[in-house]
Amino acid sequence: MVVSSLLLILNAVASLLLFRLISQKKIATLNEITSRKQSLQSKYDFLLGKKLEYTDELATKEKELQTLINNKEGIRIGKAANLDSYLNKEEDMISSYLLTTGTISLEQDHKIRRKKHVLKMSYLATGVTLGFIDLQTSEKLKKGNWEKI
Amino acid sequence: MLDIDTFSLILILSGLILLGAVGFHYANCSNMVRRKRREFESLSYALEQKIFDLEQEVVDLQMQIDKVDEQINSMEE
C-alpha cells in the first residue's frame, strides 16, 4: 500500500514536470515563430517605406528637372502633334489651351481624360475636381472665352 | 474501509489518468505548434516574394533617381 502510494506520488510529480516541459517547449517555439514573423514584417515595412520615400524623391527630382528644362527651352508640349486629332472638339481645344499655357501637364491632361468617364463629368469639372484647374479658370473657359484669355 | 487491492487499483487508475492528461496536453500543443508553423511558412513565403519585388523596385527607383540627378547636374552646368 505504501509502495503504491509512493509510486502514485512519483507518477504525479513526473506528470507535472512533463506537463511543464511540454508547455515551455510550446511557448518557446511560438515565441521563435513570432519573432521570425516580426523580423520579416519589419523588413517588409522598411522596404515599403524606402520605396515610398524614393518615389517621392523621384517625383520631386523629375519636377525639378522639368522646371530646369522649361526654364531653358520654354514650356513645351512633348506630344503636341498628337493633339491635332482632337482639335475638332471644344473640349480638346480647352485641353490644348491649358497645356500650352502650362496650367496643366500632359500627364494631368491624360488623367482628366481617363477620370472624366468614371466621374461622368465634363473635362473642366473633372479637372476642377482633381485639383488641376482652379475654379476661376474653369468658369472663364466654360463660357467659351478660352480663345480670348 | 477499502482493502489493499481496491486501493492499489484506484492508485493505478489515478496514475493512468495523469499520464492520459499529459498525453492529451502534448497532442494539443503539437497541433497548435504545427498549425502556427504552417501559417508562418505560408505568410513568410508571401512576404519573401513581396520583399523580393520591393527590393527590385527600390533598386530601380534608386537607378532612376541617379539618372535624373545626372540630368539635373548636366542641366545646371
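Asker: It is not clear to me how the overall build of chain A should be interpreted in this structure. Could you clarify?
Answerer: Across its full length, chain A holds 6 helices and 0 strands. Traced from its N-terminal end to its C-terminal end, chain A shows the element sequence α-α-α-α-α-α. In chain A, which comprises 149 residues, the proportion classed as buried is 26%. In chain A, the share of contacts with a sequence separation of at least 24, taken over all contacts with a separation of at least 6, comes to 36%.

Asker: Can you walk me through the overall build of chain B in this structure?
Answerer: Helix and strand counts for chain B come out as 1 helix and 0 strands. Residues counted as buried form 22% of the 77 residues belonging to chain B.

Asker: Would you mind showing me how to read the pattern of salt bridges here?
Answerer: Close approach of charged atoms allows side chains of opposite charge to pair. Enumeration over the complete set of coordinates arrives at 6 salt bridges over all chains. When the shortest N-O distance is used, the salt bridge between A:Lys43 and B:Glu55 registers 3.9 Å. Separated into two different chains, A:Lys43 in helix H1 (residues 2-73) and B:Glu55 in helix H1 (residues 4-76) make up a pair that spans both. A:Lys43 gets classed as partly exposed once you look at its relative accessible area, which sits at 41%. For the salt bridge of A:Asp109 with A:Arg113, the shortest nitrogen-to-oxygen distance reads 3.2 Å. Note that A:Asp109 and A:Arg113 are positioned in helix H4 (residues 106-119) at a spacing of 4 residues, about one turn of the helix. Across the pair, A:Arg113 and A:Asp109 agree in class, each one buried. Members of the salt-bridge network, linked through shared partners, are A:Glu57, A:Lys61 and B:Asp69.

Asker: I'm lost on the interface of chain B and chain A in this one. Help?
Answerer: Accessible area lost during the coming together of the parts is what is often quoted as the interface size. Listed per partner, the contact involves 39 residues of chain B and 36 residues of chain A. Counting each side, the surface lost to burial between chain B and chain A is near 3,700 Å², with a carbon and sulfur contribution of 81%. At the boundary of chain B with chain A, the tally comes to 3 salt bridges. A:Lys51 is the partner of B:Glu57 in a salt bridge, and the nearest nitrogen-oxygen pair spans 2.7 Å. Residues of the side of chain B that touches chain A, tallied by class, amount to 23 nonpolar, 8 polar and 8 charged.

Asker: What am I meant to see in a positive patch on the surface here?
Answerer: Side chains of A:Lys37, B:Arg34, B:Arg35, B:Lys36 and B:Arg38 sit close together on the surface and give a patch of like positive charge. Looking at which element gives the most residues to the positive patch, the answer is H1(B), with 4 residues. In this fold, B:Lys36 is placed in helix H1.

Asker: Sorry if this is basic, but what is going on with the confidence of the model for chain A here?
Answerer: The predicted coordinates ought not to be read in detail in places where the model reports low pLDDT. Residues and elements named next belong to chain A. Confidence in the prediction of chain A, expressed as mean pLDDT, is 80, and 84% of residues score 70 or more. Averaged over each element, pLDDT in chain A is lowest for helix H2 (residues 80-83) (50) and highest for H1 (89). Low pLDDT, under 50, characterises residues 82-88; the stretch is placed with 7 contacts to residues that sit more than four places away or in other chains.

Asker: Any chance you could explain the packing of H4(A) against helix H5 (residues 123-130) of chain A here in plain terms?
Answerer: Helix-helix packing is described using two parameters, namely the angle between the two axes and the distance between the axes. Residue and element names in this part refer to chain A. At a minimum axis distance of 9 Å, the contact between H4 and H5 shows a crossing angle of 105°. It follows that H4 is roughly perpendicular to H5 by the angle criterion. In contact with Asp109, Lys111, Ile112, Arg113, Lys115, Lys116 and Leu119 of H4, H5 contributes Tyr123, Thr126, Gly127 and Leu130. Tallied by class, the residues present in the contact of H4 with H5 amount to 4 nonpolar, 2 polar and 5 charged.

About the criteria used
- Residues numbered from 1 in each chain as written.
- Chains lettered and ligands numbered in written order.
- Predicted model: local features only at pLDDT ≥ 70, side-chain atom pairs only at ≥ 80, totals over all residues.
- Heavy atoms only, no water.
- Helix = DSSP H or I, 4+ residues; strand = E, 2+ residues; numbered from the N terminus.
- Buried < 20%, exposed > 50% of the residue type's maximum accessible area, 1.4 Å probe, protein only.
- Contact = heavy atoms within 4.5 Å.
- Salt bridge = Lys/Arg side-chain N within 4 Å of Asp/Glu carboxyl O.
- Buried area = accessible area lost by both parts, 1.4 Å probe.
- Nonpolar A, V, L, I, M, F, W, Y, C, P; charged D, E, K, R; others polar.
- Patch = residues over 30% accessible without salt bridge, like charges linked within 9 Å, V, L, I, M, F, W, Y side chains within 5 Å.
- Areas by Shrake-Rupley, 256 points an atom, 1.4 Å probe, with all protein chains shown as cover.
- Lys, Arg positive; Asp, Glu negative; His and termini not counted.
- Charge placed at Lys NZ, Arg CZ, Asp CG, Glu CD.
- pLDDT = per-residue confidence, 0-100.
- Axes fitted to C-alpha atoms, helices over the stretch in contact; angles between N-to-C directions.
- Parallel < 35°, antiparallel > 145°, perpendicular 65-115°, else oblique.

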